[in-house]
Amino acid sequence: MQSPIVITGMGIVSPLGCTVDAVWQRLTEGRSGIVRQDRFEDVDFPVQIAGLVPSRGTDPVAGFDPDAVADRKERRKLDLFSLYALAAAEEALSQAGWKPQDEAQQRATATIVATGIGGLPTITASHSTLLERGYKRISPFTAPAFLANMAAGQLSIRYGFKGPLGCPVTACAAGIQAIGDGMRMIRSGEAEVALVGGTEACIDSLALASFHAMKALSTRNDAPQAASRPFDRERDGFVMGEGAGLLVIETLEHATARGATPLAVLSGYGTSADAYHITSGAADGAGGAASIRAALRMAAVPPEEIDYVNAHATSTPVGDKAEITSLRNVFGDALAGIPVSSTKSATGHLLGAAGGVESIFTAMAVREACLPPTLNLHSADEGMEDLDLVPLHARPVPVQHALCNGLGFGGVNASVVISRV
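Report on the accompanying structure. (Residues numbered from 1 in each chain as written. Predicted model: local features only at pLDDT ≥ 70, side-chain atom pairs only at ≥ 80, totals over all residues. Heavy atoms only, no water.)

Topic: the environment of Leu351
The condition is simple: Every helix listed is a DSSP run of H or I at least four residues long, and every strand listed is a run of E at least two residues long, numbered separately from the N terminus. It only takes one pair of heavy atoms within 4.5 Å for two residues to be counted as in contact.
Along the polypeptide, Leu351 turns up in the loop between α13 (344-347) and α14 (354-368). Expressed as a C-alpha distance, the spacing of Leu351 and Cys202, which sit 149 residues apart in the sequence, is 9.2 Å. Filtering out sequence-adjacent residues up to four positions away, Leu351 remains in contact with Ile117, Ala171, Cys172, Glu200, Cys202, Phe211, Phe238 and Met240.

As structure tokens, then:
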């Protein structure tokens, strides 16, 4: 019998702050990380809100301190998405007690860190420099900063991880796919330990304008904390967020042998494609359902034993409905008795980092026997009135098995089942 794959370390940078304990407390208290954005000034810009990682100056308790991650000279070579990954990795690796020094352990460690877009702010800023000041002013570190795999590369270099290195760039399913890739590598014997998850930092005028052009973003600029409202009748689009969520994973046998503490079990993973449309899932939810069923099969967990679903639900009418349809395909009438919540109501949508962050939230729900709420849910949308969407307030509930979903443009779906140790 194969040894279960377990999580032994978790690290997070998010709009609710940094460190898993602080962020989890704020999440379950019902706090929101959505604010007016300050990354660029344009009073006529239609989207003025975002899920921004707070600075140490604005949040002395759990704000992000770039000086603690890298010195100024090193930061000139890094896009923000890599900096966030470095911070999350340090927390996860420290909790796991995994910082290998010998060659064998270094070769046995995989680094699989996803992103949806990569270093877009570096690209847009460099393009402005090119137009305004000429090609001679472009930094030689521009390309190494914006490449999508550079978060994984920087982590590999910093910690000396010499095993497989990868970077799923599968839109908003990327973070969960990174976890699944790490699980496969451990099962195949390519790695004994994997640092997995996702990172994103694209609160940038081009990114916001592009999603706004699709009519995908909320423009509730006068009420930032009420803007992200998955499943609610009054939702008008998602709120873009940023951050990183990384996990250290290994077999229970490996963790026990080295004295590490297993936090939760990664019991199942599944992924699929809709083969339907570049941005919208099929109305029948078949693609998402296939991903969920695959994860349940690997976990050997029947649908009726799932105690909680951390939904991908971003707060777009089309996306939320498609995911609920997928869930109904799998769980049938029993879905009405399974709590389903969307933590994007508190953080916004972190794109390629969403799966990493939300897998951590799901693991914490299992560990702490507490369901994080769906904020701003005052009136469930038509066709969802029968569901338990955990509105407004966290809820103490024992959780043995939980499901976490990630759905992305291009028709990609990914799901992971996280269980109590």
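Observations concerning unusual backbone geometry
We note that Lys215 has phi near 65°; this positive angle belongs to a residue other than glycine. Note that Lys215 resides in the loop between α9 (205-213) and β8 (243-251). Not every positive phi belongs to a glycine, and Ala275 is a case in point at roughly 50°.

Notes on the pairing of β8
Cut-off, in case you're wondering: Exposure classes here rest on a 1.4 Å probe applied to the protein chains alone. A residue is buried below 20% of its type maximum, exposed above 50%, and partly exposed in between. Paired strands are those between which DSSP finds at least two bridges.
Of all 9 residues making up β8, 9 are buried, and the element is well covered by its neighbours. Burial along β8 is two-sided: Gly243, Gly245, Leu247, Ile249 and Thr251 facing one way and Ala244, Leu246, Val248 and Glu250 facing the other are all buried. Two elements, strand β1 (residues 5-14) and β8, share 8 bridges in a ladder whose sense is antiparallel. Looking at the pairing, Gly11 lines up with Leu246 of β8. In this structure, strand β7 (residues 193-200) lies alongside β8, joined through 8 bridges in antiparallel fashion. Of the residues in β8, the one forming a bridge with Gly198 is Gly245.

Details of the packing of aromatic side chains
The line we're drawing: Pairs were defined over the aromatic rings of Phe, Tyr and Trp, the Trp ring being its six-membered one, requiring ring centres within 6.5 Å. Orientation was assigned from the angle between planes: stacked under 30 degrees, edge-to-face over 60, tilted for the rest.
Applying the stated criterion to the full structure yields 5 aromatic pairs. Between Phe211 and Phe238, the aromatic rings sit 5.5 Å apart at their centres with planes inclined by 75°, giving edge-to-face as the arrangement. Of this pair, Phe211 sits in helix α9 while Phe238 is found in the loop between α9 and β8, placing the two residues 27 residues apart along the sequence. Overall, Phe238 belongs to the buried group, its relative accessible area being 5%. Note on Phe211 and Phe409: the rings are 6.1 Å apart at their centroids and 40° apart in plane angle, and the pair reads as tilted. With Phe211 in helix α9 and Phe409 in the loop between β14 (401-408) and β15 (412-419), this pair connects stretches of sequence that are 198 residues apart.

As for the pairing of β7
By the criterion of burial, β7 is predominantly enclosed, with 8 of the 8 residues buried. By the alternation rule, side chains of β7 split into Val193, Leu195, Gly197 and Thr199 and Ala194, Val196, Gly198 and Glu200, which are all buried. As paired strands, strand β5 (residues 109-114) and β7 are joined by 6 bridges and run parallel to one another. When the sheet's bridge partners are listed, Thr111 is paired in β7 with Leu195.

Considerations on the nonpolar core
Applied cut-off: Take the buried Ala, Val, Leu, Ile, Met, Phe, Trp, Tyr and Cys residues and link them wherever side-chain atoms come within 4.5 Å; each set so joined is a nonpolar core.
Formed by 53 residues in total, the largest nonpolar core has its most connected members in Ile7, Met10, Leu247, Ile249 and Leu266. At 8 residues, the largest contribution of residues to this core is made by α14. If we skip the residues at most four places from it in the chain, Leu266 touches Ile5, Val6, Ile7, Ile179, Met183, Ile249, Val416, Val417 and Ile418. The next biggest cluster of nonpolar side chains, apart from the first, holds 31 residues, and it includes Cys18, Val69, Ala88 and Val113.

A look at the side chain of Ser126
The criterion, for reference: Pairs of N or O atoms are called polar contacts if they sit within 3.5 Å, as long as, within protein, a hydrogen donor faces a hydrogen acceptor (for residues adjacent in sequence, only side-chain-to-side-chain pairs).
Structurally, Ser126 is set in helix α5 (residues 120-133). Taking the relative accessible area as the measure of exposure, Ser126 reaches 16% and is therefore buried. From its side chain, Ser126 meets the backbone oxygen of Thr122 in a polar contact 2.8 Å long. With sequence-adjacent residues up to four places away left out, Ser126 is seen in contact with Ile138 and Thr142.

A few points about the environment of Ser82
Relative to the helices and strands, Ser82 is located in helix α3 (residues 80-96). Overall, Ser82 belongs to the buried group, its relative accessible area being 1%. Between the C-alpha atom of Ser82 and that of Gln154, which follows or precedes it by 72 residues, the distance is 7.2 Å. Excluding its chain neighbours within four sequence positions, the residues that come into contact with Ser82 are Met150, Ala151 and Gln154.

Some points on helix α8 (residues 174-188)
Let me state the cut-off plainly: For a helix, the expected span equals 1.5 Å multiplied by the residue count minus one.
Between its first and last C-alpha atoms α8 spans 21 Å; for 15 residues at 1.5 Å apiece the expected length is 21 Å, and the two agree. Among the 15 residues that make up α8, 11 are buried, leaving the element largely enclosed by the rest of the structure. For α8, the complete set of buried residues consists of Ala174, Gly175, Ile176, Gln177, Ala178, Ile179, Gly180, Gly182, Met183, Met185 and Ile186. Positive backbone phi, approximately 90°, marks Gly189, located one or two places after α8.

Looking at the pattern of salt bridges
Put simply, the rule reads: One side-chain nitrogen of Lys or Arg within 4 Å of one carboxyl oxygen of Asp or Glu is enough to make a salt bridge.
Applying the stated criterion across every chain, the model contains 19 salt bridges. Among the salt bridges present, the one from Asp59 reaches Arg26, with a minimum N-O distance of 2.6 Å. Taken together, the residues span a long stretch of sequence, with Asp59 in the loop between β4 (49-51) and α2 (72-75) and Arg26 in helix α1 (residues 20-28) at a distance of 33 residues. For Asp59, a relative accessible area of 9% corresponds to the buried category.

Here's the deal with the side chain of His401
Here His401 shows up in strand β14. Here His401 falls in the buried class, since its relative accessible area comes to 14%. A distance of 2.7 Å separates a polar atom in the side chain of His401 from a polar atom in the side chain of Ser419.

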